[in-house]
Amino acid sequence: MKIIMYYFSGTGNTKKITELYEQAFAEQGEVATSVSLPIHTPNDPDAFDMIGIGYPVHAFNVPKLVLDFCKKLPKINKHGQKKQVFIYKTSGEPVRMNDISSLKLIKILKSRGYDVLTERRYIMPYNMIFRHSDSAAYKMWSYAQKLVPLDVAEVIAGERRMPKKMFMGGLIAWIMRCEHWGARLIGRFFSAESWCVKCGKCANTCPVGNIKITKKGKVKFGGKCTICMRCAFTCPKNAINAGLLEGWKVNGEYSFEEPEAPTPSKHDNYCKKAYDRYYAEADARIRNAEL
């Protein structure tokens, strides 16, 4: 079986999960290829047996550039066999609200003749709001490494597994999609601090080309921001001022390595019940797979 996975990753979390999917498919003897979004033209879907769509949850929704890409997917002949799609996503917290994030995406895919088989979510450390502790990041990554092979096995077997429907979920998701236009507005207030060294990393890696460095060395932010936070998160000098989101800014990549000693955090009780439920459900799946 040949699989292609289209994914968007702002600061690397979804990319890491995509790499786990590639590895797990390979271990099952399948050929999986990944393509990082945005791209202008999708590959020919007829060249692949299955398609994967991966993204980070933004405001309980799919990033706009992912939706825009899926609208470009070639329509599948309704009289033929529908092309199956699996969805995987990352979020910083395991609250149930994140289960509504793919509603618009699924509607687009179905309208183009695709059959959504599964949707899976993985908890990965925040790139905004606050910085997770090293211990928390390591735990999230450890569980993802155990869960992805189980999910890949289900995809290969053709099992259907979708999140439970949420009361008023469609309306809530529709309201929260104000983030799509709000991002373009908020991004205009980003700026570079005086200690910026004009290395150009932010401009060179911005996925939507929203950052420019003028001939005079001024860093300018335009109106195409998607609030992926890649610029602020990866700036080597922590020189990006995130404007209205400055209080939520996180700078510096996570190591995902096990710390020598536990690293407590003042945020340890944040959404604790939701995290406990996520890990308990994950443990149950892992135990069942081992039986």
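Residues numbered from 1 in each chain as written. Predicted model: local features only at pLDDT ≥ 70, side-chain atom pairs only at ≥ 80, totals over all residues. Heavy atoms only, no water.

## As for the pattern of salt bridges
Point 1. Here the structure, examined in full by the defined rule, presents 12 salt bridges.
Point 2. When the shortest N-O distance is used, the salt bridge between Arg-160 and Asp-115 registers 2.6 Å. Residue Arg-160 is found in the loop between helix H4 (134–157) and helix H5 (169–176), and its partner Asp-115 is found in strand E5 (residues 114–123); the two are separated by 45 residues along the sequence.
Point 3. If you follow the salt bridges from partner to partner, you end up with Arg-120, Asp-151, Glu-154, Arg-161 and Arg-285 in one network. (Salt bridge = Lys/Arg side-chain N within 4 Å of Asp/Glu carboxyl O. Helix = DSSP H or I, 4+ residues; strand = E, 2+ residues; numbered from the N terminus.)

## Points about unusual backbone geometry
Point 1. Cis rather than trans, the peptide bond between Leu-37 and Pro-38 has omega equal to 5°.
Point 2. By the secondary structure assignment, Pro-38 is in the loop between strand E2 (31–36) and strand E3 (50–56).
Point 3. Here Ile-129, not a glycine, exhibits a phi torsion of approximately 85°, which is positive.
Point 4. As for its position among the elements, Ile-129 is in the loop between E5 and H4.
Point 5. With a relative accessible area of 30%, Ile-129 lands in the partly exposed category. (Buried < 20%, exposed > 50% of the residue type's maximum accessible area, 1.4 Å probe, protein only.)

## Focus: the packing of aromatic side chains
Point 1. Within the structure shown, the criterion is met by 16 aromatic pairs.
Point 2. Centre to centre, the rings of Phe-25 and Phe-86 are 5.7 Å apart; their planes meet at 50°, and the pair counts as tilted. Pair noted here: Phe-25 is in helix H1 (residues 13–27) and Phe-86 is in strand E4 (residues 83–91), with a separation of 61 residues, a long-range link. Of the two residues, Phe-25 and Phe-86, neither departs from the other in class, the shared state being buried.
Point 3. An angle of 90° between the planes, with centres 5.0 Å apart, marks the rings of Tyr-126 and Phe-130 as edge-to-face. (Phe/Tyr/Trp six-rings, centres within 6.5 Å; stacked < 30°, edge-to-face > 60°.)

## Brief notes about the nonpolar core
Point 1. In terms of nonpolar packing, the biggest core is built from 33 residues, with Ile-17, Tyr-21, Phe-25, Phe-86, Tyr-88, Tyr-122 and Val-148 touching the most fellow members.
Point 2. Of all the secondary structure elements, the ones that give two or more residues to this core are strand E1 (2–7), H1, E4, E5, H4 and helix H9 (272–290).
Point 3. Top contributing element to this core by residue count: H4, with 9 residues.
Point 4. If near-sequence neighbours (up to four positions away) are discounted, Phe-86 is found in contact with Ile-3, Met-5, Tyr-21, Phe-25, Met-50, Ile-51, Gly-52, Ile-53, Thr-118 and Val-155.
Point 5. Core analysis: the next-biggest nonpolar cluster, separate from the first, contains 27 residues, Leu-37, Ile-53, Val-85 and Leu-109 among them. (Core = buried A, V, L, I, M, F, W, Y, C linked by side-chain atoms within 4.5 Å. Contact = heavy atoms within 4.5 Å.)

## Section: a nonpolar patch on the surface
Point 1. On the surface, Phe-167, Met-168, Leu-171, Trp-174 and Ile-175 cluster together into a nonpolar patch covering about 600 Å² of accessible area.
Point 2. Mapped onto the fold, Met-168 is located in the loop between H4 and H5.
Point 3. With a relative accessible area of 42%, Met-168 lands in the partly exposed category. (Patch = residues over 30% accessible without salt bridge, like charges linked within 9 Å, V, L, I, M, F, W, Y side chains within 5 Å. Areas by Shrake-Rupley, 256 points an atom, 1.4 Å probe, with all protein chains shown as cover.)

## Description of the pairing of E5
Point 1. Along E5, 10 of the 10 residues are buried, which leaves the element largely enclosed by surrounding structure.
Point 2. Two elements, E4 and E5, share 9 bridges in a ladder whose sense is parallel. Counterpart to Ile-87 in the pairing with E5 is Glu-119.
Point 3. Tracing the backbone out of E4, into helix H3 (residues 103–111) and back to the parallel element E5 gives a crossover that is right-handed. (Pairing = 2+ DSSP bridges. Right-handed = clockwise from strand over helix to strand, strands pointing away.)

## Describing the packing of H1 against H4
Point 1. It is at 9 Å that the axes of H1 and H4 come closest, and there the two elements cross at 50°. Considered as vectors, H1 and H4 are oriented oblique to each other. Our pair here, H1 against H4, has a crossing hand that is right-handed. Contacts between H1 and H4 involve Lys-16, Ile-17, Leu-20, Tyr-21, Ala-24 and Phe-25 from the first element and Trp-141, Ala-144, Gln-145, Val-148, Pro-149, Asp-151, Val-152, Val-155 and Ile-156 from the second.
Point 2. Across the contact of H1 with H4, the residue classes tally to 12 nonpolar, 1 polar and 2 charged. (Axes fitted to C-alpha atoms, helices over the stretch in contact; angles between N-to-C directions. Parallel < 35°, antiparallel > 145°, perpendicular 65-115°, else oblique. Left-handed = near helix turned anticlockwise from the far one by under 90°. Nonpolar A, V, L, I, M, F, W, Y, C, P; charged D, E, K, R; others polar.)

Distances and angles like these do not, on their own, reveal function.
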